[in-house]
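In case you want the letters, here they are:
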4 protein chains.
Amino acid sequence: MSVKDALREQRIETPSWAYGNSGTRFKVFAQQGVPRTPYEKIDDAAVVHRLTGIAPTVALHIPWDRVDDYGKLASYALDRGVALGAINSNVFQDDDYKLGSVCHPDATVRRKAVGHLLECVDIMDRTGSRDLKLWFADGLNYPGQDNLRARQDRLAEALRETYDRLGSGQRMLLEYKLFEPAFYATDVPDWGTAFAHCLQLGERAQVVIDTGHHAPGTNIEFIVSFLLRADKLGAFDFNSRFYADDDLMAGAADPFQLFRIMHEIVLADALKPAAGIAFMLDQCHNLEPKIPAIIRSVLNVQEATAKALLVDHSALDAAQRAGDVLEANAALMDAYNTDVRPLLRELREDMGLDPDPMAAYRRSGYAEQIVRERVGGEAAGWGA
Amino acid sequence: MSVKDALREQRIETPSWAYGNSGTRFKVFAQQGVPRTPYEKIDDAAVVHRLTGIAPTVALHIPWDRVDDYGKLASYALDRGVALGAINSNVFQDDDYKLGSVCHPDATVRRKAVGHLLECVDIMDRTGSRDLKLWFADGLNYPGQDNLRARQDRLAEALRETYDRLGSGQRMLLEYKLFEPAFYATDVPDWGTAFAHCLQLGERAQVVIDTGHHAPGTNIEFIVSFLLRADKLGAFDFNSRFYADDDLMAGAADPFQLFRIMHEIVLADALKPAAGIAFMLDQCHNLEPKIPAIIRSVLNVQEATAKALLVDHSALDAAQRAGDVLEANAALMDAYNTDVRPLLRELREDMGLDPDPMAAYRRSGYAEQIVRERVGGEAAGWGA
Amino acid sequence: MSVKDALREQRIETPSWAYGNSGTRFKVFAQQGVPRTPYEKIDDAAVVHRLTGIAPTVALHIPWDRVDDYGKLASYALDRGVALGAINSNVFQDDDYKLGSVCHPDATVRRKAVGHLLECVDIMDRTGSRDLKLWFADGLNYPGQDNLRARQDRLAEALRETYDRLGSGQRMLLEYKLFEPAFYATDVPDWGTAFAHCLQLGERAQVVIDTGHHAPGTNIEFIVSFLLRADKLGAFDFNSRFYADDDLMAGAADPFQLFRIMHEIVLADALKPAAGIAFMLDQCHNLEPKIPAIIRSVLNVQEATAKALLVDHSALDAAQRAGDVLEANAALMDAYNTDVRPLLRELREDMGLDPDPMAAYRRSGYAEQIVRERVGGEAAGWGA
Amino acid sequence: MSVKDALREQRIETPSWAYGNSGTRFKVFAQQGVPRTPYEKIDDAAVVHRLTGIAPTVALHIPWDRVDDYGKLASYALDRGVALGAINSNVFQDDDYKLGSVCHPDATVRRKAVGHLLECVDIMDRTGSRDLKLWFADGLNYPGQDNLRARQDRLAEALRETYDRLGSGQRMLLEYKLFEPAFYATDVPDWGTAFAHCLQLGERAQVVIDTGHHAPGTNIEFIVSFLLRADKLGAFDFNSRFYADDDLMAGAADPFQLFRIMHEIVLADALKPAAGIAFMLDQCHNLEPKIPAIIRSVLNVQEATAKALLVDHSALDAAQRAGDVLEANAALMDAYNTDVRPLLRELREDMGLDPDPMAAYRRSGYAEQIVRERVGGEAAGWGA
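Quick look at the structure, then.

Conventions used here
- Residues numbered from 1 in each chain as written.
- Chains lettered and ligands numbered in written order.
- Predicted model: local features only at pLDDT ≥ 70, side-chain atom pairs only at ≥ 80, totals over all residues.
- Heavy atoms only, no water.
- Helix = DSSP H or I, 4+ residues; strand = E, 2+ residues; numbered from the N terminus.
- Buried < 20%, exposed > 50% of the residue type's maximum accessible area, 1.4 Å probe, protein only.
- Contact = heavy atoms within 4.5 Å.
- Areas by Shrake-Rupley, 256 points an atom, 1.4 Å probe, with all protein chains shown as cover.
- Phe/Tyr/Trp six-rings, centres within 6.5 Å; stacked < 30°, edge-to-face > 60°.
- Lys NZ or Arg CZ within 6 Å of the ring centre and 35° of its normal.
- Buried area = accessible area lost by both parts, 1.4 Å probe.
- Salt bridge = Lys/Arg side-chain N within 4 Å of Asp/Glu carboxyl O.
- Polar contact = N/O pair within 3.5 Å; in protein donor to acceptor, adjacent residues only side chain to side chain.
- Nonpolar A, V, L, I, M, F, W, Y, C, P; charged D, E, K, R; others polar.
- Axes fitted to C-alpha atoms, helices over the stretch in contact; angles between N-to-C directions.
- Parallel < 35°, antiparallel > 145°, perpendicular 65-115°, else oblique.
- Left-handed = near helix turned anticlockwise from the far one by under 90°.
- Least-squares fit on C-alpha atoms with pLDDT ≥ 70 in both.
- Expected span 1.5 Å × (residues − 1).
- Core = buried A, V, L, I, M, F, W, Y, C linked by side-chain atoms within 4.5 Å.
- Pairing = 2+ DSSP bridges.

1. Description of the overall build of chain A
Logical step 1: A count of helical and extended segments in chain A gives 14 helices and 10 strands.
Logical step 2: Dimensions of chain A, computed from the C-alpha atoms along their principal axes, are close to 55 × 55 × 40 Å.
Logical step 3: Burial analysis of chain A (384 residues in total) assigns 70% to the buried set.
Logical step 4: A separation of at least 24 residues holds for 77% of the contacts in chain A among residues at least 6 apart in sequence.
Logical step 5: As displayed, chain A has an accessible area near 12,000 Å², and 48% of this comes from carbon and sulfur atoms.

Structure (structure tokens):
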């Protein structure tokens, strides 16, 4: 398949919450024109898809995107050219979850948390979503605060009950994170932990790699490659980071790393939708305007992918087999150093899109329009 | 001077904001009974001092602790046995500061920020505070976002104007921080930057070491020792961290590190108030109740100090001079491995205090009283 | 069981190579009196056991400890009161292994490496060792240098062949390491990778945790707890680190961490030899004299264990169940803050040992004796 | 000045030691054909310059490059089209330096170390070198091992004596390093320490930034910018790293970081030789062949520089001043995403060079020639 054909098939899912306000613990700088309802988030996601051509689905976050009629929300999306994607659960913003959700020492709280997970599967039934994405803020701030092992037992039990509730064609995606909001220990800190639970659960449980959730020095593409080999890579949450879980635009902090990750994907022929990997963004645009930041992120992932598709695999292979360290590295770098923007402009024209989505967005007047129209009501934000 | 005498002289300042609510970007779990006014924060700080005997001052944060009459606030504190301490400026929670305060590209915003710093010196005049503590959230999330060097020029200008406004007997303390809330670059990322600006400013400008503001692997006691040698260590913000700026209780994450820091202080004879180092806490008690967490933190610093005072300096010196690595290390570890709690209980009895401040607090009924009484109004929190 | 009884049962294995010279890439500072043969290493290990009472076995490293007659070596050890422990393979110091051993792109090199692993099992048959400990220096310095996934396939194949060769009662212990000597990627970088391979292999394959082999910010006791729960923790390589794989004396860099690790061990009742966890040291004494450094390390592990045994589990449990963060943390810290040295001196007297092994070693004249006697020949070192 | 003109002026210094063997503490994999004498290292450096056109000087390391007649060595170099560059001192590989050199507790050792530094200045007089580059391996492995502050006093004294010995037109360049070979503390761990000493010494003392010597998460371009502003940036040691001081080829691990560094250089107009910044490589080619690895590194720095020169400063400035985060970032990324290889091929043709230095080297037969000719003698390596 040609590079362009592969790129035409690429699918990136944008997260409904990235269209709303976000911030740090120090301050949320609110922006004008951010959506006030799940419907308005879908409007924005549709704009991103219309301009990039490769972002046809939107992930929802429950309860932030709770609506009375999910069927209606799904049709609304379809009418605008996009579809509802993964359902993300949220068991970290209720006062009951102060000491954890599914790992909480108190069975009542665990029950409530599992109830929410099951509700999310109900919603999937109605939205037609394939993926339930689970991230737990569970963890400890202080040594001794709770029993690490008992918490794993509780986690396993909650995951089992939820997994067993999945309908056919539905999957559970388990995310890991080294730290934050818990500081001393998190209950799913690394891919090994997520992997072990997924193995126990069954083949429809798979691991999510959020690129911002690792310790410094972690080789993320190794994890990509390992999970692909084990058939346990379910999805990505793309974003970028310099120090912690900064949730910056994908490709902004270390574009070479993003390329190496996409290289592993291409090597394993896992780019195509049929491979079942969900490529999602999970970002917070604290300073920059949301919609163009998301467009930029989609383009960054696309550029990294295009470069990965340009790697000359037979030259790479030959050099690797010959133990030629410099040539093998050069084969990779040749592709990375290529400017793929002309190719992508061409691709977009082939697809009937504007060759420059950022400029097209600026020209569209949409930014001004939402500032004008979205007045009153409560702007969406983490928790809104 | 005996160990007990040295401990009796020790002074630890508690931060008004640690008595209020705090949290992560994901959620603030509000607690019952937290103060609603600066006066109530002083009530709580007074309790901590009454029980520990070594926390006689409270740092204020402006505008969080803004009142009409600072003289009245100061008398209120004195009536309760404590005094007002450092004034902390806040130029990061106003919408204007989205892209920075004193480093902002727009001169109008810089003017406003400097105005706030000058206002803080006015307040110091009224509270009788010696120290103006400056921390800037200024920085960049993305490469290219602003000109790093121009921002230093702007920073230098703002610091100069503020420094020149200081009255006699007043000091400027400049804090540094590697990351957060800015992710790509902060404008005062490390002690070197703070030190260079303080050198430029003059002898009343000194560096603050916040123990949670370093990159992984940084040897903090080296910085302590270096700044003491250069006469540029002004203060500590104690807290502890596992990964980022976790703001956990001092001594909770790495008690050995806290001991090594206090060892450098003792070696340089810088523990006594006359040495001019302000030993402050800067913490966020997100999960645990505020007042006992602060008591625990004060006790942790005191225990580390007691251990540091027990180091046999002549044995240490002799081993160091002989190049005896194991003996020198053992001389330090002997002190660290000592259980100083009996000594500290004795000290407290000598000082007319309850030997067990944590138990005394529990017995005091204060926790229940504030829950009962502090009803209505707005609970203090970051920003409240 | 009483704390003393538990401590009496404790077993720590010392590594033959730590008695020889070691250094950094910049310089090996040779010491006088270091052993020149495996026999002399055993002499030194016997001294450590005689003085501490809890270090009855010595790990061997092949080919560094290759001898003609392993039966003779084993009897030699028994005559001196110690036994041979784990066999450590070495497939990283032959020129053929420049680009890897079992993961090398060239099948001939892989064959040679597997041959060495099988030879190690042969040696185990003769020494009566239970454990084959595998650490691979395999990895990549540059992106693209080799195919990450193909290397996993080769690794799996080599491990399988070796595992299948194990006799009954023998185990394979697989070690992981984030970096060094490979810089870009290592083939077994983390516990997840080691765990996944061990799961595939079978129940006699287990994971080794080297405390110096993690990224900054990694919570090691979480891994301990997780692997114990999964029945996949085989052994520890204890040492300590500030930045990288520093291989300093256990407990020297972060004694609180060592305590937390031993707390998880005690919680899982895995301290006793019957639990099958091998507690080993893996250290490099670059500056300090070898034997007293090893004694010190054994004592540090013992002190951390004694503290862990003193944790009041019912108080801890109660506080955890009540969600009392401060009390739960305090229950742990109470034990950590206890000075266990008097208890350990008492224990040693009960065991007929000198209460102060460090002083006893100094008085013994052994250090002077080996300097006098070990003249000529080639001093042992990494590779000697 | 045009981009090409600026690039034509660029100067990169290669290090004599990178042409010899190097390795990790685990193993040095010797290569065939590596130089056996300083003369042969110059031969290799001349090849690199002949092919790249921008590497006209070679740094020496004393005592590794000690010769009887430095004048002769200098003429030898000139005959081959290159010149001798910075003199690097080495006070870390003599047994006396086990506990330090200029910071050693014993004055005799310090005297010896200072003697070596003065000898290096003598050599500079003879080679005509401008720069004395100082890196100290001094530090501590264990807390308490020596007195951190006393060591700073000793360091200051040694630097002062050496600085005062400098002839007119000579400079002292002080390097810092966070860790390795010392693990607990190094005596010049960070730029702040080097900067403070340089300030004390005088204007001819400047800081060296080795890109591999920082803690994870450090923003190196911030340091570049800060030191340029303070007129204290003397030189770079370029290399790249994933975890520690990996000393890989510059630009191999994080090409975007190298670009950001060069962007600060270009912004400050500090690329041109008259600005006095020495751009040097400091690398270890453990696996890959030395000469092509150095060529590749020179090209990587050149590519990063070319991209930095392409930044549209007026667009960048305008966006920064307008607070347009996305546009400002885009202005930088536009340059980074450009493929500068065609431009550089063109530049080389303009300069009468082969457009593809790597291919030209392969075709030259030099690699085969040195393997054939350099037989017998002792191959150069760290310490040889």
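Structure's up, so let's keep going.
2. Section: the packing of aromatic side chains
Logical step 1: Overall, the coordinates contain 74 aromatic pairs over all chains when judged by the stated rule.
Logical step 2: Measuring from ring centre to ring centre gives 5.1 Å for Tyr184(A) and Phe242(B), while their planes differ by 55°; the resulting arrangement is tilted. Of this pair, Tyr184(A) sits in the loop between strand 6 (171–175) and strand 7 (185–186) while Phe242(B) sits in the loop between strand 11 (233–238) and helix 8 (255–267), on two different chains.
Logical step 3: The side chain of Arg80(B) reaches across the aromatic face of Tyr76(B), ending 3.5 Å from its centre.

3. As for the interface of chain D and chain A
Logical step 1: Taken together, the contacts link 30 residues of chain D with 30 residues of chain A.
Logical step 2: Counting each side, the surface lost to burial between chain D and chain A is near 2,200 Å², with a carbon and sulfur contribution of 58%.
Logical step 3: Counting the surface chain D buries against chain A, the share from its top three residues, Leu326(D), Asn337(D) and Arg341(D), is 26%.
Logical step 4: Where chain D meets chain A, there are 4 salt bridges.
Logical step 5: For Arg362(A), the salt bridge is made with Glu327(D), and the minimal N-O distance between the two is 3.1 Å.
Logical step 6: At the boundary of chain D and chain A, one finds 5 residue pairs in polar contact (both at pLDDT 80 or more).
Logical step 7: Every element with two or more residues in the side of chain D that touches chain A is listed here: helix 8 (255–267), helix 9 (290–310) and helix 11 (325–336) of chain D.
Logical step 8: Across the side of chain D that touches chain A, the residue classes break down as 16 nonpolar, 4 polar and 10 charged.

4. Details of the packing of helix 10 (residues 313–321) of chain A against helix 11 (residues 325–336) of chain A
All names here are of chain A.
Logical step 1: At a minimum axis separation of 8 Å, helix 10 and helix 11 run at an interaxial angle of 160°. On the basis of their axis angle, the class for helix 10 and helix 11 is roughly antiparallel. Helix 10 and helix 11 meet at a crossing whose hand is left-handed. Contact residues: helix 10 offers Ala315, Leu316, Ala319 and Gln320, while helix 11 offers Glu327, Ala328, Ala331 and Leu332.
Logical step 2: Residues that form the contact of helix 10 with helix 11 fall into these classes: 6 nonpolar, 1 polar and 1 charged.

5. Points about the relation of the copies chain B and chain A
Logical step 1: For the pair chain B and chain A, the relating rotation is 180°, the translation along its axis is 0.0 Å, and the fit reaches an RMSD of 0.0 Å. In the structure described here, the two chain copies are related by an operation that fits a two-fold rotation axis. Judged by C-alpha distance, Arg25(B) is the residue of chain B that lies nearest the rotation axis, at 2.1 Å.

6. Some thoughts on the relation of the copies chain D and chain A
Logical step 1: Relative to chain A, chain D is turned by 180° and slid 0.0 Å along the rotation axis, the superposed coordinates differing by an RMSD of 0.0 Å.
Logical step 2: The overlap is high: 100% of the interface residues of chain D also sit at the interface in chain A, so the same surface is used on both sides.

7. Points about the interface of chain B and chain A
Logical step 1: Of the residues lining the interface, 43 residues belong to chain B; the matching set on chain A comes to 43 residues.
Logical step 2: When the two sides are added together, the surface that chain B and chain A hide from each other amounts to roughly 4,100 Å², 64% of it contributed by carbon and sulfur.
Logical step 3: When the buried surface of chain B facing chain A is broken down by residue, Arg25(B), Phe26(B) and Tyr243(B) rank first, second and third, together holding 23% of it.
Logical step 4: At the surface where chain B touches chain A, the tally comes to 8 salt bridges.

8. So, helix 9 (residues 290–310) of chain B
Logical step 1: For helix 9 of chain B, with 21 residues, the first-to-last C-alpha span of 30 Å sits near the 30 Å given by 1.5 Å per residue.
Logical step 2: Most of helix 9 of chain B is tucked away: 20 of the 21 residues are buried.

9. A look at the environment of Val375(D)
Logical step 1: Tracing the backbone shows Val375(D) in the segment after helix 14 (366–373).
Logical step 2: Once the C-alpha coordinates of Val375(D) and Gln32(D) are considered, the two residues, 343 residues apart in sequence, prove to be 8.5 Å apart.

10. Re the pattern of salt bridges
Logical step 1: Scanning all chains against the criterion turns up 156 salt bridges over all chains.
Logical step 2: With a closest N to O distance of 3.0 Å, Asp245(A) and Lys177(A) form a salt bridge. With Asp245(A) in the loop between strand 9 (233–238) and helix 8 (255–267) and Lys177(A) in the loop between strand 6 and strand 7, this residue pair connects regions lying 68 residues apart in the sequence. No difference in accessibility class separates Asp245(A) from Lys177(A), as the two residues are buried.
Logical step 3: One salt bridge in this structure joins Asp187(B) and Arg151(B), with 2.9 Å as the shortest N-O distance. Here Arg151(B) lies in helix 5 (residues 148–165) and Asp187(B) lies in the loop between strand 9 (185–186) and helix 6 (191–201), a separation of 36 residues in the sequence. Taken individually, Asp187(B) and Arg151(B) each receive the classification buried, so the pair is uniform in this respect.

11. What to know about the nonpolar core
Logical step 1: By size, the foremost hydrophobic cluster in this structure holds 288 residues, and its most contacted members are Phe236(A), Phe238(A), Ile265(A), Phe236(D), Phe238(D) and Ile265(D).
Logical step 2: The residues contacting Ile265(D), other than those within four sequence positions of it, are Val224(D), Leu228(D), Leu233(D), Phe236(D), Ala270(D), Leu271(D) and Phe279(D).

12. What about the side chain of Asn239(B)?
Residue and element names in this part refer to chain B.
Logical step 1: Counting through the fold element by element, asparagine 239 comes out in the loop between strand 11 and helix 8.
Logical step 2: Within the local environment of asparagine 239, its side chain forms a polar contact with the side chain of aspartate 210, the two groups lying 2.9 Å apart.
Logical step 3: Within the local environment of asparagine 239, its side chain forms a polar contact with the backbone oxygen of aspartate 282, the two atoms lying 2.9 Å apart.
Logical step 4: Residues in contact with asparagine 239, not counting those within four places in the same chain, are Asp210, Thr211, Gly212, Asp247, Leu248, Met249, Ala250, Asp282 and Gln283.

13. Topic: the pairing of strand 8 (residues 205–210) of chain A
Residue and element names in this part refer to chain A.
Logical step 1: In terms of burial, strand 8 is a largely internal element, 6 of the 6 residues being buried.
Logical step 2: Note that strand 6 and strand 8 share 4 bridges and pair parallel. Bridging from a neighbouring strand, methionine 172 pairs with alanine 205 of strand 8.
Logical step 3: In the sheet, strand 8 pairs with strand 9 via 4 bridges, with the strands oriented parallel. Bridge pairing in strand 9 places isoleucine 209 opposite phenylalanine 236.

14. Quick look at helix 8 (residues 255–267) of chain C
Two residues of an α-helix separated by three or four positions point the same way, owing to the 3.6 residues in each turn.
Residues and elements named next belong to chain C.
Logical step 1: Relative to the 18 Å expected for 13 residues at 1.5 Å per residue, helix 8 spans 18 Å between its end C-alpha atoms, a close match to the ideal helical length.
Logical step 2: For helix 8, a buried count of 12 out of 13 residues is recorded, marking the element as mostly surrounded by other parts of the structure.
Logical step 3: Backbone geometry just after helix 8 places aspartate 269 at a positive phi near 55°.

15. With respect to unusual backbone geometry
Residue and element names in this part refer to chain B.
Logical step 1: A cis amide bond, omega 15°, links isoleucine 62 with the succeeding residue proline 63.
Logical step 2: Secondary-structure assignment places proline 63 in the loop between strand 4 (57–61) and helix 3 (70–79).
Logical step 3: The omega torsion across glutamate 180 and proline 181 is 10°, close enough to zero to call that bond cis.
Logical step 4: Within the secondary structure, proline 181 sits in the loop between strand 8 (171–175) and strand 9.

16. As for the packing of helix 2 (residues 38–52) of chain D against helix 9 of chain D
All names here are of chain D.
Logical step 1: Viewed as axis vectors pointing N to C, helix 2 and helix 9 meet at an angle of 40°, and their least axial separation amounts to 10 Å. Comparing their axes, helix 9 and helix 2 come out oblique. Between helix 2 and helix 9 the crossing geometry is right-handed. Residues Asp44, Val47, Val48, Leu51 and Thr52 of helix 2 lie in contact with helix 9, whose contacting residues are Ile291, Ile294, Ile295, Val298 and Leu299.

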